[in-house]
Amino acid sequence: MASLVKGVYVLKDDHRRHRQGSEALAPPWWESFNFKLMHSLMDDGDSSIFGAVYEYIPVSNNFHDLKRAPKYVVAFRGTSRKQDTVLGDILLDIGVLVNTLHRSLRFKKAAQAVRKTFSEEGASRSNIWLAGHSLCASIAMLAGKTMAKEGIFLESYLYNPPFVAAPIKLIGSMTVRRVIHGACTLFTVGLTVVLQNNEERQQSEDLFTAISPWVPNLFLHPNDVICSGYIGYFEHRERMESIGGGVLGNLATRYSWQGLFMNATFGQEYWPEEKSHLIPSACVTTSSDPRPHKLSQWFTDDSVSGPTLYRY
């Protein structure tokens, strides 16, 4: 899956540099795993390729391989530093930070591609997978979360997805981390009680419960400020459960105090209280590779540990 995502990065560069045919560098990234490119997804703003839909072409009739392999994979690249795309990518990064990703044209096109693949290509929930790295791991996550709300749980592989919060995991002292997590939990719970009525809190609980069977695979690095927050996010909820504070932990999992505050200040129309990066369940794999945010750390399992399953 990581190689298919890498294929989108290289496909974008092939398109930018007009490399075609034998000069194209992207095909080996998917052909090595017996996939073919069905079509690419292009950003209408900067005309850059940000995603691709692949189809798996089996080379044998091995029942085990055919049963496990997906039929289709929809993959998305992350932020590119190339001059022709960096502005559009940065604006999308800002959209992740301010919780407006769902309004972006790139997400809408991505969600449309996922839905079209699911409905028109004869795919089922068990044979269409999602994959993304960094910025567009957020897009893949939001697409998967959107489908999960409809009871369609797509297998997902999300590499270094952004967690929009202070990188508490990078604090050296575990005691200090736990104190900060506890304080944030109490503050979030307090804001929730003040700003939401029982019906609104129940709706949030019902939503998380409904999508909890969706268990995306998160690939995280403890030293990556972009994604490391997910590690503390799930570990703290488990710790709260172990000390009898599961209700508070679950409530804090569904909300962020920043989202509650901004929603109360600007209103639901401008700042939705539901944060796109907050999810109920996940299978977390971590890495100790010295390149904390590089997609290439996931090409081998040399530095990988886990996975750890967290269920809501």
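Scroll up to find the structure this text is about.
Residues numbered from 1 in each chain as written. Predicted model: local features only at pLDDT ≥ 70, side-chain atom pairs only at ≥ 80, totals over all residues. Heavy atoms only, no water.

1. Let's talk about helix α8 (residues 198-211)
A turn of α-helix holds 3.6 residues, and therefore any two residues three or four places apart point the same way. Between its first and last C-alpha, α8 extends 20 Å over 14 residues, near the 20 Å set by a 1.5 Å rise per residue. The set of residues buried in α8 consists of Arg201, Ser204, Phe208 and Ile211. Here the buried residues of α8 occupy an arc of 105° about the axis, which is enough to place them on one side. The outward face of α8, more than 90 degrees from its buried face, is lined by the exposed residues Asn198 and Glu199. (Helix = DSSP H or I, 4+ residues; strand = E, 2+ residues; numbered from the N terminus. Expected span 1.5 Å × (residues − 1). Buried < 20%, exposed > 50% of the residue type's maximum accessible area, 1.4 Å probe, protein only. Arc of directions from axis to C-beta.)

2. Some details on unusual backbone geometry
Of note, the phi angle at asparagine 34 is positive, near 65°, even though the residue is not glycine. Residue position: asparagine 34 is located in the loop between α2 (28-31) and β1 (35-42). Positioned with a positive phi, serine 134 is a non-glycine residue whose angle comes to about 55°. In this structure serine 134 comes out as buried when scored by relative accessible area, which is 8%.

3. Brief notes about the pattern of salt bridges
The full count for this structure, using the stated rule, is 10 salt bridges. The residue glutamate 55 makes a salt bridge to lysine 36 at a minimum N-O spacing of 3.8 Å. Of this pair, glutamate 55 sits in strand β2 (residues 49-56) while lysine 36 sits in strand β1, and the two are 19 residues apart along the sequence. Of the charged contacts in the structure, one is a salt bridge between aspartate 43 and arginine 106, with a shortest N-O distance of 2.9 Å. Placement of aspartate 43 in the loop between β1 and β2 and of arginine 106 in helix α5 (residues 105-120) is noted, with a sequence separation of 63 residues between them. Of the two residues, aspartate 43 and arginine 106, neither departs from the other in class, the shared state being buried. Taken together, the salt bridges that share partners define one network made up of Lys12, Asp13 and Arg16. (Salt bridge = Lys/Arg side-chain N within 4 Å of Asp/Glu carboxyl O.)

4. Description of the pairing of strand β7 (residues 282-287)
Counting buried positions along β7 gives six out of six residues, so the element sits mostly inside the fold. Side chains Ala282, Val284 and Thr286 of β7 all project onto a buried face; the interleaved residues Cys283, Thr285 and Ser287 project onto the opposite face, where all are buried too. Of the pairings in the sheet, the one linking strand β6 (residues 217-220) to β7 comprises four bridges and is parallel in character. Bridge pairing in β7 links leucine 220 to threonine 286. The pairing of β7 with strand β8 (residues 304-310) spans five bridges and is classified as antiparallel. (Pairing = 2+ DSSP bridges.)

5. Brief notes about a nonpolar patch on the surface
On the surface, Ile90, Leu91 and Ile94 cluster together into a nonpolar patch covering about 270 Å² of accessible area. Within the fold, isoleucine 90 resides in helix α4 (residues 86-97). (Patch = residues over 30% accessible without salt bridge, like charges linked within 9 Å, V, L, I, M, F, W, Y side chains within 5 Å. Areas by Shrake-Rupley, 256 points an atom, 1.4 Å probe, with all protein chains shown as cover.)

6. A word on the sheet that holds β2
Taken together, the eight strands give an open sheet; going across it, the order is β1-β2-β3-β4-β5-β6-β7-β8, and neighbouring strands pair in mixed fashion. The strands lining the two open edges of the sheet, one partner per strand, are β1 and β8. For this sheet, the mean angle separating the axes of adjacent strands, direction not counted, is 15°. Two elements, β2 and strand β3 (residues 72-76), share five bridges in a ladder whose sense is antiparallel. Looking at β3, one finds that glycine 51 is bridged to phenylalanine 76. On the sheet, α5 packs against β1, β2, β3 and β4 (128-133) and is oriented at approximately 175° with respect to β3. (Axes fitted to C-alpha atoms, helices over the stretch in contact; angles between N-to-C directions. Contact = heavy atoms within 4.5 Å.)

7. What to know about the side chain of serine 48
Within the secondary structure layout, serine 48 lies in the loop between β1 and β2. Relative accessible area serves as the criterion here: at 2%, serine 48 is assigned to the buried category. Here the side chain of serine 48 touches aspartate 46 through a polar contact of 2.7 Å, side chain to side chain. (Polar contact = N/O pair within 3.5 Å; in protein donor to acceptor, adjacent residues only side chain to side chain.)

8. Regarding α5
Between its terminal C-alpha atoms α5 stretches 22 Å, which fits the 22 Å expected from 16 residues at 1.5 Å a residue. Every buried residue of α5 is listed here: Arg106, Phe107, Ala110, Ala113, Val114, Thr117 and Phe118. Taken around the axis of α5, the buried residues stretch over an arc of 125°, which confines them to a single face. Exposed side of α5, more than 90 degrees from the buried face: Leu105, Gln112, Ser119 and Glu120 are the residues found there.

9. Some remarks on the packing of aromatic side chains
Tallied over the full model, the rule gives 17 aromatic pairs. Aromatic pair tryptophan 30 and tyrosine 54: ring centres 5.4 Å apart, planes at 45°, arrangement tilted. With tryptophan 30 in helix α2 and tyrosine 54 in strand β2, this pair connects stretches of sequence that are 24 residues apart. Classification of tyrosine 54 by relative accessible area gives buried; the value is 0%. Note on phenylalanine 50 and phenylalanine 76: the rings are 6.3 Å apart at their centroids and 15° apart in plane angle, and the pair reads as stacked. Here the residue phenylalanine 50 occupies a position in strand β2, and phenylalanine 76 occupies one in strand β3, the gap between them amounting to 26 residues. (Phe/Tyr/Trp six-rings, centres within 6.5 Å; stacked < 30°, edge-to-face > 60°.)

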